[in-house]
Amino acid sequence: MRGGAVAAFRGRIVAAGPEAEVLAAVEPTPDATVVDAEGRLVTPGLVDCHTHLCFAGWRAEEFRMRIEGRDYLEILKAGGGILQTVRATREATEDELFDSLRARLLELLRLGTTTVEVKSGYGLDLATELKQLRAIRRAALWAASPEGTGQEVVATFLGAHAVPPEFAGRAREYAELVAREMIPAVARESLAEFVDVFCEDGAFGPEEARLVLEAGRRAGLGRKIHADEVHHLGGARIAAELGAVSADHLAVTPPGDFAALRDSGTVACLLPATSFFLMKPRHAAARELIAAGVPVALGTDANPGTQPGFSLPLVMSLACLLLRMTPEEALVAATRNAAFALGRGGRAGSLEPGARADIVIWDCPALAHLPYRMGANLAHTVIAAGRVRVSRAGRDAETSPREARTFPRAAVPGLSQAVAPPASPPRSGPPASRPRSGPGDREGDRR
Ligand code: NIG
Ligand code: FE
């Protein structure tokens, strides 16, 4: 849509559509502020529905090893990979994890991401997993505080990410411990909304994955699964069977498993930057998933091993080039459908009344530019929970290589928040809609 407008009040969208209609529907408060996108692309804030951002230590040496031909799962088997990050994360303090996570959230904000899921999974013992989840909770509270970024942070418990050294060769026993002791402990403190499991050769098999996800269900947690990332173990079918909100990766899932996902309403969360970074020949069959009626989301999978990048726009580029998704499909996947993958459909990642007022103005004239300008950070103005959090106003983003290092809390000259009260109160709840497998009618509009 050209010439559109969005109005927000107290951090929520109250009207969106053609400018004249929005202006007719709302009456600005005296302190209302107006942001003029000046013909730039406007989208919902991006939703990253799959990250492992709470960790200590990077793994550049492993990157070098993989370039030389070593295999990711072989490195894990030899005690490296995820287990290297586990050693570093066990040594880190909660404060250190919190501080690094905060810095990473800010980095994501600058790239246009306003909702972020963060998994634990680098502790693999109760104390360290709880330490990670507490750091994530603190980061979530900080983000939502007046000093924060305005992002919404969603916690997932991934205690079954790898078999810890103490349980080497006894994956089943460790999965039982996760199910019997760790999940109830996490649920008791309400430290996570979702439970996840890495269903893969060298990690956890289908039976162990079921054990963990069923315990999550009993504890009232939503279910997610790392399914068919490297080998096809049937994780997608398990996700469908256990009513998982998403099945993630699906790089080698055969099309025969797609109908089960469609029937259970499970979102296929595709992570093309990971299969790319692992130099895999095969990527998720996005076209076939969409054709089968499965809602497709995109995430970064940001983690120190298989995908160290934070940029969802870059993931959108890879989704177009490697998975042959259209720019429209990629945007819906990284916003609206990603919100459904976090149980927040219609409440985030969407410019509709009742949704969080998370809005990004991009320094480009139309949607296709976003994936086309691969690797560029085109985020010009990032509004989260109704406030401008990042702005490049007054700079020529094309010629200025430096991004704003500051974190403006007040509105910048010429730009401020779009805040206006509704003429009539907004609908109280989100519309009971399902995620879409095709492009939306509002997303990707030019305003
Ligand atoms: O989604 N595969 C399991 N977990 C992550 C990688 C984590 C790591 O290597 O540290 C993934 O690829
Ligand atoms: Fe992952």
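Residues numbered from 1 in each chain as written. Chains lettered and ligands numbered in written order. Predicted model: local features only at pLDDT ≥ 70, side-chain atom pairs only at ≥ 80, totals over all residues.

Enquirer: How should I be thinking about the overall build of the chain in this particular structure?
Expert: Across its full length, the chain holds 16 helices and 14 strands. Taking all 447 residues of the chain together, the buried fraction comes to 56%. A fraction of 71% describes how many contacts in the chain between residues 6 or more apart in sequence connect residues 24 or more apart. (Helix = DSSP H or I, 4+ residues; strand = E, 2+ residues; numbered from the N terminus. Buried ≥ 20, exposed ≤ 12 C-beta atoms within 10 Å, placed from the backbone. Contact = placed C-beta atoms within 7 Å.)

Enquirer: For this particular structure, what's the right way to read the site of ligand 1?
Expert: With respect to spatial proximity, 13 residues lie near ligand 1, and among them Ile82, Phe198, Asn303, Gly305 and Thr306 are the closest. Split into classes, the residues belonging to the shell around ligand 1 amount to three nonpolar, eight polar and two charged. (Near = placed C-beta within 6 Å. Nonpolar A, V, L, I, M, F, W, Y, C, P; charged D, E, K, R; others polar.)

Enquirer: Which parts of the structure should I look at to understand the pairing of strand β2 (residues 12-18)?
Expert: Within a regular strand, the side chains alternate between the two sheet faces. Examined bridge by bridge, strand β1 (residues 4-9) and β2 share six bridges and lie antiparallel to one another. Bridged to Gly4 within β2 is Pro18. (Pairing = 2+ DSSP bridges.)

Enquirer: Quick question: what am I supposed to make of the sheet that holds strand β10 (residues 267-270) here?
Expert: Adjacent strands of a sheet form backbone hydrogen bonds with each other and so pair up, either parallel or antiparallel. Taken in spatial order, the eight strands of this open sheet run β4-β5-β6-β7-β8-β9-β10-β11, and their pairing is parallel. The open sheet has two edge strands with one neighbour each: β4 (46-48) and β11 (296-298). Each strand of the sheet is rotated relative to its neighbour by a mean of 25 degrees, with strand direction disregarded. Sheet topology note: the strand β9 (residues 246-249)/β10 ladder contains three bridges and is parallel. Residue pairing for β10: Ser246 is matched across the bridge by Val267. (Axes fitted to C-alpha atoms, helices over the stretch in contact; angles between N-to-C directions.)

Enquirer: How should I be thinking about the nonpolar core in this particular structure?
Expert: One broad rule of soluble globular proteins: the nonpolar side chains tend to lie buried together. If you look at the biggest cluster of nonpolar residues, it comprises 144 residues, and the most contacted ones within it are Val212, Ala268, Leu270, Leu298, Ala319 and Ala334. Every residue in contact with Val212, bar those within four places of it in the chain, is listed here: Ala160, Ala175, Val178, Ala179, Val195 and Val197. (Core = buried A, V, L, I, M, F, W, Y, C linked by C-beta atoms within 7 Å.)

Enquirer: I'm lost on the sheet that holds strand β3 (residues 41-44) in this one. Help?
Expert: Pairing in this open sheet of four strands is antiparallel, and the strands run β3-β12-β13-β14 from one edge to the other. At either end of the open sheet lies a strand with only one pairing partner, and these are β3 and β14 (387-391). Strand-to-strand twist across the sheet, computed as the mean angle between neighbouring axes with direction ignored, equals 20 degrees.

Enquirer: Any chance you could explain helix α13 (residues 312-323) here in plain terms?
Expert: Structural remark: α-helix, 3.6 residues per turn; residues separated by three or four positions point the same way. Burial runs high along α13: ten of the twelve residues are buried. Those residues of α13 not exposed but buried are Leu312, Pro313, Leu314, Val315, Met316, Ser317, Leu318, Ala319, Cys320 and Leu323. Two residues or fewer after α13 comes Arg324, characterised by a positive phi angle close to 60 degrees.

Enquirer: Which parts of the structure should I look at to understand the confidence of the model for the chain?
Expert: Detailed conclusions should not be drawn from predicted coordinates in areas where pLDDT is low. Averaged over all residues, the pLDDT of the chain is 91; the fraction at 70 or higher stands at 88%. In the model, residues 397-433 has pLDDT below 50 throughout and makes 80 contacts with residues more than four positions away in sequence or in other chains. The model gives residues 438-447 a pLDDT under 50, and that stretch makes 32 contacts with residues more than four places away or in other chains. (pLDDT = per-residue confidence, 0-100.)

Enquirer: Teacher, can you tell me more about the packing of helix α7 (residues 171-188) against helix α8 (residues 206-218) here?
Expert: In a pair of packed helices, the angle between the axes and the distance between the axes together describe the arrangement. The geometry of α7 relative to α8 is characterised by a closest axis approach of 9 Å and an angle of 0 degrees between their N-to-C directions. Here α7 lies roughly parallel to α8, going by the angle between them. Residues Ala171, Arg172, Ala175, Glu176, Val178, Ala179 and Ile183 of α7 form the contact with α8, whose own contacting residues are Glu208, Leu211, Val212, Ala215 and Gly216. The residue inventory of the contact of α7 with α8, partitioned by class, reads eight nonpolar, one polar and three charged. (Parallel < 35°, antiparallel > 145°, perpendicular 65-115°, else oblique.)

Enquirer: For this particular structure, what's the right way to read the environment of Ile361?
Expert: Relative to the elements of secondary structure, Ile361 occurs in strand β12 (residues 359-362). Judged by C-beta crowding, with 26 C-beta atoms within 10 Å, Ile361 ranks as buried. Sequence separation of Ile361 and Asp36 is 325 residues, and the distance between their C-alpha atoms is 9.4 Å. Not counting residues up to four positions away in its chain, the partners in contact with Ile361 are Ala37, Arg40, Val42, His380 and Thr381.

Enquirer: Which parts of the structure should I look at to understand the packing of α13 against helix α14 (residues 327-334)?
Expert: The interhelical angle for the contact between α13 and α14, taken along N-to-C directions, is 135 degrees, at an axis separation of 9 Å. Here α14 runs oblique to α13, going by the angle between their axes. Regarding α13 and α14, the two cross each other, and that crossing is right-handed. Contacts between α13 and α14 involve Leu312, Val315, Met316, Ala319 and Cys320 from the first element and Pro327, Ala330, Leu331, Ala333 and Ala334 from the second. Taken together, the residues of the contact of α13 with α14 break down into ten nonpolar, no polar and no charged. (Left-handed = near helix turned anticlockwise from the far one by under 90°.)

Enquirer: I keep staring at unusual backbone geometry and nothing clicks. Help me out?
Expert: Only a minority of non-glycine residues have a phi that is not negative, and only a minority of peptide bonds are not trans. In this structure, Ser190 is a non-glycine residue whose phi angle is positive, near 50 degrees. Secondary-structure assignment places Ser190 in the loop between α7 and β7 (194-199). Phi at Asp301 is positive, roughly 65 degrees, even though this residue is not glycine. Locating Asp301 in the fold gives a position in the loop between β11 and α13. By C-beta crowding, Asp301 is classed as buried, having 29 other C-beta atoms within 10 Å.

Enquirer: Which parts of the structure should I look at to understand the environment of Ala376?
Expert: Along the chain, Ala376 turns up in the loop between α16 (369-372) and β13 (379-384). Between the C-alpha atom of Ala376 and that of Leu314, which follows or precedes it by 62 residues, the distance is 8.0 Å.

Enquirer: What is the right way to read the environment of Ala384 from this model?
Expert: Inspection of the secondary structure puts Ala384 in strand β13. Through-space distance from the C-alpha of Ala384 to that of Gly112 is 9.3 Å; in sequence the pair is 272 residues apart. Beyond its immediate sequence surroundings of up to four residues, Ala384 is in contact with Gly45, Leu109, Thr114, Thr149, Gly150, Gln151, Asp358 and Arg389.

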